[in-house]
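Each chain, written out:
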Amino acid sequence: MRGITVTLQKGGVGKTTVAINLAERLAARGHDVLLVDVDPQGSATEGVGCGDAYTGDTHLGQVFDPSDPTTPGDVVRSTGTELSFDLVPSHASLDRLAAEIQATENGEAQLYRKLVRPLADRYDWIVLDSPPTIGPLSNSAIVATRQAVVPLQLSKPSADALTRTVTNQLFALNDRLPEREPIEILAIVPNRVSGDNEEKRVLEALEDSQFEPYLPAFARSSLLQDADSPGPGIRERVAFRRAYRSGVPLASYDPDVDMLDRLDSLTNKIEEKGREIA
């Protein structure tokens, strides 16, 4: 199994949209894919049409309870043949699970031990949608895959959140868990881009920083001078919002939308760089 965690310590950057559509694009290539929603808000669960699971009787928290017979396979839910990947849904109890992870010795490794590793023979890829805060659930998600995709909007608050995520979370986890393979960023993805001058300035600053190697080819400021390009990044498109409301990925809602090519390019990058985690 190979895996990625989609993360940034800021909400509203389209993190869930990237996670859902990466899962779908990997599945479209013939991989067996599991999407895991560890965000207590349950946005990914809602976005693939499984909102009813958020208050279901069987949930991820039970897998962590040593007195409960629930197995990892019991919390996996099919999202239907149209979506072609499976889901471990979020649940209303995930805040309590976060507290249990916090109170458990080496708790950050529990998601890997209790969910990821037991399902390793069943899936080629696991995609985790992380909460938009530094805490037990987001730390556990990153430790579980050791590889991250970071979506961000081209704004100063989002760029500041990128620095916090890398410095206060990824580097800190590497320091605390030196015996494991280091956590790596596979891609930083400008997302929900509309194309104003402030976005241009932020993108150029990213290109002049330590983060430049992680920007995909479609996320370069040089595209601003390309008359045949819609511009850099994953652009704002109404089809993303409509697909989410319909409970399906972008390709299922509108297979002709131009941003699908960019999601494919991002998937190529992840396939090339992603390493085995279990």
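Before reading on, note that the structure itself is shown above.
Residues numbered from 1 in each chain as written. Predicted model: local features only at pLDDT ≥ 70, side-chain atom pairs only at ≥ 80, totals over all residues. Heavy atoms only, no water.

Asker: Describe the overall build of the protein chain, with residues and values.
Answerer: Regarding its fold elements, the protein chain presents 11 helices and 8 strands. Its C-alpha atoms give the protein chain a radius of gyration of 18 Å, near enough to 19 Å, the size a compact globule of 278 residues would have. For the C-alpha atoms alone, the extent of the protein chain along its principal axes is close to 60 × 40 × 30 Å. Scored against the burial criterion, the 278 residues of the protein chain give a buried share of 57%. Long-range pairs, those at least 24 residues apart, make up 77% of the contacts in the protein chain between residues at least 6 apart in sequence. Counting every atom, the protein chain has about 11600 Å² of accessible surface; 44% of that belongs to carbon and sulfur. Across the protein chain, the 29 positively charged side chains and the 42 negatively charged ones have centroids separated by 3 Å. (Helix = DSSP H or I, 4+ residues; strand = E, 2+ residues; numbered from the N terminus. Rg over C-alpha atoms; globule rule 2.2 N^0.38 Å. Buried < 20%, exposed > 50% of the residue type's maximum accessible area, 1.4 Å probe, protein only. Contact = heavy atoms within 4.5 Å. Areas by Shrake-Rupley, 256 points an atom, 1.4 Å probe, with all protein chains shown as cover. Lys, Arg positive; Asp, Glu negative; His and termini not counted. Charge placed at Lys NZ, Arg CZ, Asp CG, Glu CD.)

Asker: Tell me about the layout of surface pockets, and please be specific about residues and values.
Answerer: As a volume, the largest pocket reaches approximately 430 Å³. The wall of the largest pocket is formed by 21 residues, among which G14, K15, T16, T17 and R192 lie closest to the centre. Every element with two or more residues in the lining of the largest pocket is listed here: α1 (15-28), β7 (184-193), β8 (234-235) and α9 (238-246). Element by element, the count of residues in the lining of the largest pocket is highest for α1, at 4 residues. Classifying every residue of the lining of the largest pocket by side-chain character gives 6 nonpolar, 8 polar and 7 charged. (1 Å grid on protein atoms, 1.4 Å probe; cavity = no way out; pocket = protein on both sides within 12 Å on 5 of 7 lines; lining within 4 Å. Points joined across faces, edges and corners; volume = space filled by probe spheres on them. Nonpolar A, V, L, I, M, F, W, Y, C, P; charged D, E, K, R; others polar.)

Asker: Break down the packing of helix α6 (residues 136-145) against helix α7 (residues 156-176) for me, citing the residues and quoting the values.
Answerer: Contact geometry of α6 with α7 gives a least axis separation of 11 Å together with a crossing angle of 65°. Taken together, α6 and α7 sit at an angle that is classed as roughly perpendicular. α7 is crossed by α6, and the crossing has right-handed handedness. Between α6, through S138, N139, I142 and V143, and α7, the contact on the second element is made entirely by Q169, L170, L173 and R176. Grouping the constituent residues of the contact of α6 with α7 by class yields 4 nonpolar, 3 polar and 1 charged. (Axes fitted to C-alpha atoms, helices over the stretch in contact; angles between N-to-C directions. Parallel < 35°, antiparallel > 145°, perpendicular 65-115°, else oblique. Left-handed = near helix turned anticlockwise from the far one by under 90°.)

Asker: Please set out the nonpolar core residue by residue, giving values where relevant.
Answerer: Formed by 38 residues in total, the largest nonpolar core has its most connected members in L35, V127 and V149. Listing elements by their share of this core, those giving two or more residues are β1 (2-6), α1, β2 (33-37), β5 (125-129), β7, α9, α10 (250-253) and α11 (259-273). The element best represented in this core is α1, accounting for 7 residues. Ignoring any residue separated from it by four or fewer positions in sequence, one finds V127 in contact with I4, V6, A19, A23, L26, V33, L34, L35 and V36. Core analysis: the next-biggest nonpolar cluster, separate from the first, contains 27 residues, V88, L94, V116 and Y123 among them. (Core = buried A, V, L, I, M, F, W, Y, C linked by side-chain atoms within 4.5 Å.)

Asker: Hey, could you go over the environment of Q153 for me, with residue numbers and the actual values?
Answerer: By the element assignment, Q153 lies in the loop between β6 (147-152) and α7. Note: C-alpha distance between Q153 and V13 (140 residues apart in sequence) is 5.5 Å. Apart from the residues within four sequence positions on either side, Q153 is in contact with G12, V13, S158, N191 and R192.

Asker: Quick rundown of α11? Include the residues and the values.
Answerer: Working note: α-helix, 3.6 residues per turn, so residues spaced by three or four point in the same direction. Spanning 15 residues, α11 covers 22 Å between terminal C-alpha atoms, matching the ideal 21 Å at 1.5 Å per step. What α11 keeps buried is the set M259, L260, R262, L263, L266, T267, K269 and I270. (Expected span 1.5 Å × (residues − 1).)

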